[in-house]
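Tertiary structure, described
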Amino acid sequence: MKTFTYTRASTVAEAAKRATPAGAMPIAGGTNLLDLAKPELINPDQIIDITRLPDLNTVTRTSDGTVHIGALVPNADLAAHPLIRQHYPVLSRAILSGASPQIRNMATTGGNLLQRTRCIPFYDPAARCNKRTPGAGCDALHGPNRMNAILGGSPSCIAVNPSDMAVALRVLDATIHVTTAAGTTRTIPIADFHLLPGNTPDHETRLERGDIITGLTLPPPPPGRQVYRKVRDRASYAFALVSVAAIIDADPTPDASPHIRSARFALGGIATKPWRIPAAEAALADQPLTRDALNRAADLTLAGASGHGENDFKIPLARRTLTHVIAHTARNPIPMDPSGAT
Ligand SMILES: Cc1cc2nc3c(=O)[nH]c(=O)nc-3n(C[C@H](O)[C@H](O)[C@H](O)COP(=O)(O)OP(=O)(O)OC[C@H]3O[C@@H](n4cnc5c(N)ncnc54)[C@H](O)[C@@H]3O)c2cc1C
């Protein structure tokens, strides 16, 4: 690992200013940053510790039902928070499906949103990767791409966004709050936060140099049962091959097809950013649950999907997982147990 200077910021403004020069990076839980710095996949020369910044470690609800989550709230605390378990169980379950208890204790809300891809050539210094070295080429396109994207990729990059939490935030319409190096603040809807790779896969989010994520807000939860389903190689401690975050509002009609009032769903593990297609959700709204309606929703969600060899299996897997989650949730529209047991 290359040597770097380490300083601790005591205010958000100071952190933003110090994180502005090229080579400067904020560190929160460090679970991703240090993993990348040790093998010199990234080489920061200044690390700014933001873990002691005041007021970024709480989860609060305002009178209009909006929930604010501080950027430094650990993933474990967020998943266990009573407000999240009761009103946003999809978020709680998505977080708990990721990493390990030890990592979730260290990892933060802001850091999770900014975690880098798990693409094999990205992690292999001997492989070509446009994300690591712009213009170098991409060894995933015709190489080890079992974990890679079937949607949202480009000839430059097919790396998947690996965050489980971000998939749940996408279905919940989160808004991200940022303080800039100039001292101004701005908000970014989660739908716009992560960028498609295009020709610049090294540019992954709407953040600019020096921007500090201070937190995010969730609007009041929409009606319906919330579910997070993650398909992976091992039962725990593995990244998603396919994941689905869904909120399905349906009428229980045991002897007939349930009537779906509204459906929201986002997919992880298959795309370069959390994947949500409003037209696919509209295809199910105010409809009886039928095989045709499910197929239409899956067709719209996966329109344009293409495999690259090893990851071809993700197309049918994503279709089956999505249609199963919607059908199962619509047929069992009981609210989720606030204990998180369902
Ligand atoms: C073995 C292992 C297994 C894992 N499995 C999963 C999994 O299954 N699912 C999953 O979703 N994740 C998984 N993860 C990833 C884990 O969730 C992330 O490493 C973690 O969420 C990153 O948070 P952090 O606070 O440690 O970020 P850090 O490592 O501190 O920072 C990550 C990046 O964010 C920047 N940053 C951090 N906070 C801010 C801020 N407030 N403002 C601006 N920039 C900021 C840093 O500069 C850095 O670029 C796994 C990680 C490991 C090591």
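Each remark here, short or long, concerns the structure printed above.
Computed from a predicted model, the values in this text were never measured in an experiment.

Calculation criteria
- Residues numbered from 1 in each chain as written.
- Predicted model: local features only at pLDDT ≥ 70, side-chain atom pairs only at ≥ 80, totals over all residues.
- Heavy atoms only, no water.
- Helix = DSSP H or I, 4+ residues; strand = E, 2+ residues; numbered from the N terminus.
- Rg over C-alpha atoms; globule rule 2.2 N^0.38 Å.
- Buried < 20%, exposed > 50% of the residue type's maximum accessible area, 1.4 Å probe, protein only.
- Contact = heavy atoms within 4.5 Å.
- Areas by Shrake-Rupley, 256 points an atom, 1.4 Å probe, with all protein chains shown as cover.
- Lys, Arg positive; Asp, Glu negative; His and termini not counted.
- Charge placed at Lys NZ, Arg CZ, Asp CG, Glu CD.
- Near = heavy atom within 4 Å.
- Polar contact = N/O pair within 3.5 Å; in protein donor to acceptor, adjacent residues only side chain to side chain.
- Nonpolar A, V, L, I, M, F, W, Y, C, P; charged D, E, K, R; others polar.
- Salt bridge = Lys/Arg side-chain N within 4 Å of Asp/Glu carboxyl O.

Observations regarding the overall build of the protein
Along the backbone of the protein there are 13 helices and 12 strands. Compactness check: the protein gives a C-alpha radius of gyration of 20 Å against a globular reference of 20 Å for 342 residues, within 12% of the reference. Sorting the 342 residues of the protein into buried and exposed places 51% on the buried side. Taking contacts inside the protein between residues at least 6 apart in sequence as the whole, the part at least 24 apart equals 64%. Put simply, the protein shows about 14,800 Å² of open surface, and 55% of that area lies on carbon and sulfur atoms. Positive and negative side-chain charges in the protein, numbering 35 and 28 respectively, have mean positions lying 3 Å apart.

Observations concerning the environment of A305
Here A305 shows up in the loop between α12 (291–301) and α13 (314–331). A sequence separation of 117 residues divides A305 from I188, and the C-alpha atoms of the two residues are 27 Å apart. Ignoring sequence-local partners within four residues, the contact set of A305 consists of I150, L151 and I315.

Let's talk about the site of the ligand
With respect to spatial proximity, 34 residues lie near the ligand, and among them P26, G30, T31, T108 and D164 are the closest. For the ligand, an oxygen atom lies 2.6 Å from a polar atom in the side chain of T31. Contact between the ligand and N112: an oxygen atom at 3.4 Å from a main-chain N or O atom of the residue. Burial of the ligand by the surrounding chains reaches 92%, relative to a free accessible area of 970 Å². Among the secondary structure elements, those contributing two or more residues to the shell around the ligand are β2 (24–27), α2 (33–37), α7 (109–113) and β8 (212–218). Class assignment for the residues of the shell around the ligand results in 17 nonpolar, 12 polar and five charged.

Observations concerning helix α9 (residues 164–171)
With respect to burial, α9 is a largely interior element, eight of its eight residues being buried. Inspection of α9 places D164, M165, A166, V167, A168, L169, R170 and V171 among the buried residues, and these make up the whole buried set. Two or three places before M165, at the start of α9, stands the capping residue S163, its side-chain oxygen 3.3 Å from that residue's backbone nitrogen. At the C-terminal side of α9, D173 shows a positive phi close to 60°.

Comments concerning the environment of P134
Along the chain, the position of P134 falls in the loop between α8 (120–123) and α9. Between the C-alpha atom of P134 and that of H203, which follows or precedes it by 69 residues, the distance is 9.8 Å.

Quick look at the pattern of salt bridges
If charged atoms from side chains of opposite charge come close, those side chains can pair. This model, assessed by the stated rule, comprises 15 salt bridges. R261 serves as the salt-bridge partner of D251, at 2.5 Å between the closest nitrogen and oxygen. Here the residue D251 occupies a position in strand β10 (residues 242–251), and R261 occupies one in strand β11 (residues 259–268), the gap between them amounting to 10 residues. Counted as one network, the salt bridges with shared partners bring together D173, R264, R276 and E281.

Describing unusual backbone geometry
For A99, which is not a glycine, the phi torsion comes out positive at approximately 55°. By the element assignment, A99 lies in the loop between α5 (89–96) and α6 (101–106). Look at D286: it is not a glycine, yet its phi comes out positive at around 55°. Among the secondary structure elements, D286 is positioned in the loop between α11 (278–282) and β12 (287–288). Given a relative accessible area of 54%, D286 falls into the exposed group.

The values reported here are purely geometric and, on their own, carry no functional implication.
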